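Each chain is listed here by its residues.
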Amino acid sequence: RAKATHKGGVTFFHPSMGREMSERMSLEQQLREALAKREFQCALQQKVDLRTRRVVGFEALVRWVDSHGTIHPPARFLKLASELDMLDDITAIVLDNLCEALPWLDRGFGADVSYSINVSPVQATRSSFVRQLVRRIADTGRARNFLLELTEETFLATDVFQLQCLPLIRAAGIGLSIDDFGTGYSSLAILADITADELKVDRSLVASIGQRPRNQGILRAIESLGTNLGMTVVAEGIETAEEKDYLLGSTGLAIGQGYLFHRPQLISEMVGGVPE
Ligand code: C2E
Ligand code: MG
Ligand code: MG
Ligand code: MG
């Protein structure tokens, strides 16, 4: 139990610290139970052709659906789950959820769409995790439909040699995606070192496109740079028709993802559900 520390009669403990600590402990307890009960699920968000709205892929996003049916987003639990070393098990559940639904998704969307899995910076450096992930994906026989999304931050913060996943995922035929691109100070340097299949332009660049005309130029440059390096460039977080029109009209970006098109949806709640 947390205790106040006294030094010469001065209390170095504020009541709010006690509240924070007990909140953390109760969330920790809830997360352990959630994992034991496999309460984590895979939500999918469509990546679409901006012109035709045709679905070209899906991003898998973890959700915690508690016993009351409340859906918790990653912001609520991902950091703590990572600190508690629970993230690998959670990812495995999400991936199982997705792989089990593949036959059904194929019937609905065809066998050519891609599936992206997010990998945290810590996970990307752990070969045991990456091996397990790659094996599970390879077991589907569809490795070429899969991409792993690593954030730009992961590449900036981690020595490329420590990224265990890169040779392993290449060898398995799985694709690599650079997530949240364009926010760091050395975004461009990454492109010199990393061969990736997809480049996801961070939402912050998309969100300000209307107010900051210079961002149109930046996005146009990223689009042609990415395309010249053989990557599919994807705009993240498109919320409005104006943003979409700017992207199509003045940047050349053709693929996007965002609330304007589809919100992430639990596989278990997608129309028709997942039969047998
Ligand atoms: P991300 O990989 O960059 O995922 C995109 C996030 O943007 C998702 O948030 C998605 O719901 C949200 N989003 C999509 N379209 C829009 C839009 O139009 N507007 C706005 N405001 N947001 C939009 P989400 O699902 O809450 O996930 C947050 C982050 O958590 C992800 O960012 C990713 O870094 C991490 N994450 C999610 N699932 C997993 C997972 O299974 N494993 C790991 N390691 N990380 C995950
Ligand atoms: Mg992502
Ligand atoms: Mg992103
Ligand atoms: Mg992000």
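Our structure's up above, just so we're on the same page.
For the structure given in this document, a descriptive report is provided here.

Analysis parameters
- Residues numbered from 1 in each chain as written.
- Chains lettered and ligands numbered in written order.
- Predicted model: local features only at pLDDT ≥ 70, side-chain atom pairs only at ≥ 80, totals over all residues.
- Heavy atoms only, no water.
- Near = heavy atom within 4 Å.
- Polar contact = N/O pair within 3.5 Å; in protein donor to acceptor, adjacent residues only side chain to side chain.
- Areas by Shrake-Rupley, 256 points an atom, 1.4 Å probe, with all protein chains shown as cover.
- 1 Å grid on protein atoms, 1.4 Å probe; cavity = no way out; pocket = protein on both sides within 12 Å on 5 of 7 lines; lining within 4 Å.
- Sits in = over half its atoms within 2 Å of the grid points.
- Helix = DSSP H or I, 4+ residues; strand = E, 2+ residues; numbered from the N terminus.
- Expected span 1.5 Å × (residues − 1).
- Donors = N, O, S within 2.8 Å, 3.2 Å for Na, K, Ca; no water.
- Buried < 20%, exposed > 50% of the residue type's maximum accessible area, 1.4 Å probe, protein only.

1. Structural notes on the site of ligand 1
- Around ligand 1 there are 22 residues in total, and Arg 63, Asn 118, Asp 179, Glu 239 and Tyr 259 lie nearest to it.
- Glu 236 is positioned with one of its side-chain polar atoms (N or O) 3.3 Å from an oxygen atom of ligand 1.
- If ligand 1 stood free it would expose 800 Å²; the protein chains cover 81% of that surface.
- More than half of the atoms of ligand 1 fall within 2 Å of the grid points belonging to the largest pocket.
- Put simply, the parts of the chain that give the shell around ligand 1 at least two residues each are β4 (55-65), α2 (74-83) and β8 (175-181).
- With four residues, β4 is the single largest residue contributor to the shell around ligand 1.

2. Some points on helix α3 (residues 87-109)
- Compared with an ideal rise of 1.5 Å per residue, which puts 23 residues at 33 Å, α3 spans 29 Å between its outermost C-alpha atoms and falls more than 12% short.
- Gly 110 sits one or two positions beyond α3 and adopts a positive phi of about 85 degrees.

3. A word on the coordination of the magnesium ion (ligand 2)
- Only Glu 59 (OE), Asn 118 (OD1), Glu 149 (OE) and Asp 179 (OD) from the protein coordinate the magnesium ion (ligand 2), and they sit 2.0 to 2.2 Å from it.
- All donors of the magnesium ion (ligand 2) come from a single chain, and their spacing in sequence reads E-x58-N-x30-E-x29-D.
- The metal-metal distance between the magnesium ion (ligand 2) and the magnesium ion (ligand 3) comes to 3.9 Å, with Asp 179 coordinating both. Taken together, the positions of Asn 118 in strand β6 (residues 114-118) and Asp 179 in strand β8 put the pair 61 residues apart, joining distant regions of the chain.
- Among the residues examined, Asn 118 registers a relative accessible area of 26% and is labelled partly exposed.
- Judged by its relative accessible area of 5%, Asp 179 falls in the buried class.

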